[in-house]
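Descriptive analysis of the structure
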Amino acid sequence: MTRALVLAGGGAAGNAWELGLIAGLSDGGVDVTAADLIVGTSAGSTVAAQITGGVSAAQLYGAILAEAPPARSASHRPRPAPVPGPSYLDWSNAIIAASADPADMRRRIGAAARERAVANHADADRWRQIVARRLPSPRWPAQRVVIVAVDADSGDPIVFDRDSGVELVDAVAASTSAMTPYRIGQRLYLNGGYRRSENADLAEGCRRVLVLSPFSGRSRMPGEWRMDLAAQVDDLRAGGSLVETVFPDAGAGDVFDANALDPATRRPAARGGHAQGRALAGRLADFWR
């Protein structure tokens, strides 16, 4: 394969920024949706399914701009968390700090997520319906798309594709499940970001690799674990790949933080991504061809 597009996680803001940026690149004459390989993780898995589902990047971008703004109470107080307990960052940071290595971290995350699912009566069917409404098509595309998740029981990384026997909606639902696991058959799965936020290393062997990283390559994992994007890029380049990374610029707003899951971040993130994509198209045109 010659060209790979890597779509990292980043919550509601990350999904919107990636779609906006892809639409902006397309407006500038660079169609990254035609990549030979698309790697999707967490919010990026949704983007991977959306841009290969028979709907143009411009339409997907326009749909974000048309979204109704989230309702706010008269007092403008923040909405309560949908599930009681610690925030996602507090919950996961504590597990990361207690872990010896990535495999240990994934096992601990899986155990904690299973307990949380039981305590809070996690509804996998409801999550599947939400994910299905976001996808233009429930079918795997003809081109090579891989979606990353983690087995919540064993902690083993899992890569879904059209030959894995798992429906596209289920693969995306698994890859986007953060604090509670998603059931497929007899197995439970968690967010693919617990393998690596970008999983760019799965593009090994591709001549050109374009990585869209909403969190700018940052990782909350210890540096010696080499889960950060810089380590992945080093390995890809050592293997002969040409790699370009794109991070949000100031135009997307200050949304790529603990508020990235807030739907209110979507429109500013999409607009910023679109403008950024148009500005980058000239520089990336030769690289992508």
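In what follows, the accompanying structure is described. (Residues numbered from 1 in each chain as written. Predicted model: local features only at pLDDT ≥ 70, side-chain atom pairs only at ≥ 80, totals over all residues. Heavy atoms only, no water.)

1. Description of the packing of helix α2 (residues 43–51) against helix α7 (residues 168–175)
In helix packing, the relevant descriptors are the interaxial angle and the interaxial distance, both defined with respect to the helix axes. Two elements in contact, α2 and α7, have axes whose closest approach is 7 Å; the angle formed by their N-to-C orientations is 155 degrees. Here α7 runs roughly antiparallel to α2, going by the angle between their axes. The element α2 and its partner α7 pack so that their crossing is left-handed. In this structure, α2 contributes Ser-45, Thr-46 and Ala-49 to the contact, and α7 contributes Leu-168, Val-172 and Ser-175. Taken together, the residues that form the contact of α2 with α7 break down as three nonpolar, three polar and no charged. (Axes fitted to C-alpha atoms, helices over the stretch in contact; angles between N-to-C directions. Helix = DSSP H or I, 4+ residues; strand = E, 2+ residues; numbered from the N terminus. Parallel < 35°, antiparallel > 145°, perpendicular 65-115°, else oblique. Left-handed = near helix turned anticlockwise from the far one by under 90°. Contact = heavy atoms within 4.5 Å. Nonpolar A, V, L, I, M, F, W, Y, C, P; charged D, E, K, R; others polar.)

2. Quick notes on the pairing of strand β2 (residues 37–41)
The buried fraction of β2 amounts to five of the five residues, a majority that puts the element mostly inside the structure. The side-chain alternation of β2 yields two buried faces, one formed by Leu-37, Val-39 and Thr-41 and the other by Ile-38 and Gly-40. Both strand β1 (residues 3–7) and β2 contribute to a ladder of four bridges, which runs parallel. Within β2, the residue paired with Leu-5 across the bridge is Ile-38. Chirality of the crossover, the property in question, places the unit of β1, helix α1 (residues 11–27) and β2 among those that are right-handed. Inspection of the sheet shows β2 paired to strand β3 (residues 144–151) by five bridges, in the parallel sense. (Buried < 20%, exposed > 50% of the residue type's maximum accessible area, 1.4 Å probe, protein only. Pairing = 2+ DSSP bridges. Right-handed = clockwise from strand over helix to strand, strands pointing away.)

3. Focus: the pattern of salt bridges
Where charged atoms from two side chains of opposite charge come close, those side chains can pair. Under the defined criterion, the tally for this structure stands at 14 salt bridges. In this structure, Arg-187 engages Asp-153 in a salt bridge whose closest nitrogen and oxygen atoms are separated by 4.0 Å. Of this pair, Arg-187 sits in strand β6 (residues 187–191) while Asp-153 sits in the loop between β3 and β4 (157–160); the two residues are 34 residues apart in sequence, bridging distant segments of the chain. On the basis of relative accessibility, which here comes to 34%, the residue Arg-187 falls in the partly exposed class. Judged by relative accessible area, which is 34%, Asp-153 ranks as partly exposed. Each of Arg-114, Asp-151, Asp-153 and Arg-187 takes part in a single network of salt bridges with overlapping partners. (Salt bridge = Lys/Arg side-chain N within 4 Å of Asp/Glu carboxyl O.)

4. A closer look at the packing of helix α6 (residues 124–134) against α7
Remark: α6 packs on α7, axes separated minimally by 9 Å, with the N-to-C direction vectors making an angle of 110 degrees. With respect to each other, α6 and α7 are oriented roughly perpendicular. By crossing handedness, the relation of α6 to α7 is classed as right-handed. Judged by residue contacts, Trp-127, Arg-128, Val-131 and Ala-132 of α6 engage Val-169, Asp-170, Val-172 and Ala-173 from α7. A breakdown of the residues in the contact of α6 with α7 according to their chemical character gives six nonpolar, no polar and two charged.

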